[in-house]
Amino acid sequence: MLYIGVDLGTSAVKLLLMDGSGKIHRIVSKEYPIFFPHPGWSEQNPEDWFDRTMEGVRELLADCDKSQVAGISFGGQMHGLVILDGEDRVIRPAILWNDWRSAEECDYLNQVIGRQKLAEYTANISFAGFTAPKILWVKNREPENFARIEKIMLPKDYIAYRLSGVHCTDVSDASGMLLFDVKNRCWSEEMLEICGIRREQLAEVYESYEAVGTVLPEIAEELGIPESVKVVAGAGDNAAAAVGTGTVGDGRCNISLGTSGTIFISSTKFGMDQNNALHAFAHADGHYHLMGCMLSAASCNKWWMDDIIGTRDYAGEQARIDRLGENHVFFLPYLMGERSPHNDPNARGVFIGMTMDTSRADMTQAVLEGVAFALRDSLEVAKSLGIRIERTKICGGGAKSPLWKKIIANVLHIKVDVIESEEGPGLGGAMLAAVACGEFDSVEAAAEKLVKVIDTVEPDPALAEKYEARYRQFKEIYPVCRPLFEKIQ
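Residues numbered from 1 in each chain as written. Predicted model: local features only at pLDDT ≥ 70, side-chain atom pairs only at ≥ 80, totals over all residues. Heavy atoms only, no water.

Caption draft 1: A look at a negative patch on the surface. A cluster of acidic residues, Glu120, Glu189, Glu190 and Glu193, forms a negative patch on the protein surface. Sorting elements by how many residues they give to the negative patch places helix H7 (residues 189–195) first, with 3 residues. By the element assignment, Glu189 lies in helix H7. (Patch = residues over 30% accessible without salt bridge, like charges linked within 9 Å, V, L, I, M, F, W, Y side chains within 5 Å. Areas by Shrake-Rupley, 256 points an atom, 1.4 Å probe, with all protein chains shown as cover. Salt bridge = Lys/Arg side-chain N within 4 Å of Asp/Glu carboxyl O. Lys, Arg positive; Asp, Glu negative; His and termini not counted. Charge placed at Lys NZ, Arg CZ, Asp CG, Glu CD. Helix = DSSP H or I, 4+ residues; strand = E, 2+ residues; numbered from the N terminus.)

Caption draft 2: Structural view of the pattern of salt bridges. By the definition in use, this model includes 33 salt bridges. The residue Asp63 makes a salt bridge to Arg26 at a minimum N-O spacing of 3.6 Å. Highlighted residues: Asp63 in the loop between helix H1 (46–60) and strand E5 (69–76) and Arg26 in strand E3 (residues 24–31), separated in sequence by 37 residues. The shortest N-O distance in the salt bridge between Arg92 and Glu43 comes to 3.2 Å. Here the residue Arg92 occupies a position in the loop between strand E6 (82–84) and strand E7 (94–95), and Glu43 occupies one in strand E4 (residues 43–44), the gap between them amounting to 49 residues. An identical accessibility class is assigned to Arg92 and Glu43; each is buried. Residues joined in a network through salt bridges with shared partners are Glu43, Arg92, Asp99, Arg101 and Glu142. (Buried < 20%, exposed > 50% of the residue type's maximum accessible area, 1.4 Å probe, protein only.)

Caption draft 3: Looking closely at the sheet that holds strand E22 (residues 391–395). Sheet architecture is open: 7 strands sit in the order E18-E19-E17-E16-E22-E23-E24, paired in mixed fashion. Lying at the two open borders of the sheet, with one neighbouring strand each, are strand E18 (279–282) and strand E24 (453–457). Strand-to-strand twist in this sheet, taken as the mean axis angle between neighbours without regard to direction, amounts to 30°. In terms of strand pairing, E22 meets strand E23 (residues 415–419) through 3 bridges, oriented parallel. Considered in E23, the bridge of Arg391 is made with Lys415. On the sheet, helix H12 (residues 360–384) packs against strand E16 (253–257), strand E17 (261–267) and strand E19 (288–294) and is oriented at approximately 25° with respect to E17. (Pairing = 2+ DSSP bridges. Axes fitted to C-alpha atoms, helices over the stretch in contact; angles between N-to-C directions. Contact = heavy atoms within 4.5 Å.)

Caption draft 4: Quick peek at the nonpolar core. Leu179 and Ile408 are the most contacted members of the largest nonpolar core, which has 129 residues in total. Every residue in contact with Leu179, bar those within four places of it in the chain, is listed here: Thr122, Ala132, Ile135, Trp187, Ser188, Met191, Leu192, Cys195, Ile197 and Leu202. Ranked by size, the runner-up nonpolar core spans 44 residues in total, among them Trp49, Met54, Trp97 and Trp100. (Core = buried A, V, L, I, M, F, W, Y, C linked by side-chain atoms within 4.5 Å.)

Here it is as structure tokens:
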């Protein structure tokens, strides 16, 4: 049988077709626009997501036996706010994960409601990127739109609804809304009251590997697939990527180097750190995970390469770097503010340490190292909980760089396992569909059979020692800059 994984990203939807043996038959990508109507705002049109997804599925299945398609599932950008009226029409453009307009509402939740109560209700504190402060922003700034809301959805769940007619979400994506009681895997009545919304305005919650229904007859006819094709709940992009890299069960780690960057630690038990520096979310495997999320990761390198030095020759620029662990330039990778562990929307990117002999290669190296150092910040929080991570999987666009993988292995002082397929959320979505269709007994069984490690980057003790000293210097920079970030906003 065939399974479709839909990775609904920020810049494009990426679709993957996999069979039950794990073989990937085809990958298709369709871009759509992102809009920035005001500084710090970030929006998309949900209709663009659906249209490009349908185009992508048609292209994906063009040369295959469509009767063999059994299921479709998702990995999707998290936290985005999609609101529908009584006729299931989109009320306003979706407010995305990297939108900072709700900073005041976020402060209200953290300071007035209080971080302790938020952690008690949801296992997390408020970040401006989360969904709950966005809802409060609409309530405060667009009351006419707030009054029309009949359904509150997340990005990938809007696609699932359009395919199946079911208003649904999954536990991992719901965990990032600040409306979900993560420990008990249900909506938080206290948070609904705080945000002024009703339970019936929220979708039904499923485990990531559960089918929410089948494709609507008109969708089946349009795509030429059986009406029996299951639509499976899927997961938030990071949880789906973790499934795709086999980061399931207890004590496993995955680093994602995409537009944003994450360090993701799976656990069979619920847990959270005292300061909520890491997100405590439900995982797509039926258990839990801790996650540190930085808002700019591979996007830092893209910004530096494309917009600043004006080149697309990423490998060529990295080939100039030959003195790892000895760079005198540091880079704070906070181009869009930062989440873990600082939770500071005012944070900004900073180069420091340049001299007259600083080279272009030094600056490029500083960008790569800055992202690695920021990931190390979140790893240190996990260590404070007694979690010991000795190795990690890696995925995302940045994972294609051998140099960056070497830097990460030595900055974090852990082994970095490279897997056969680095397709992340799309592959994870297809695997969740396969589990729902009975191809595998569990998400862990699917990961054990389908995810294959083909290489391991091991830290070099001498280089890791050099980076240890550099990291101690790096972590002193942000506290000094933080008061300045507040002043220049």
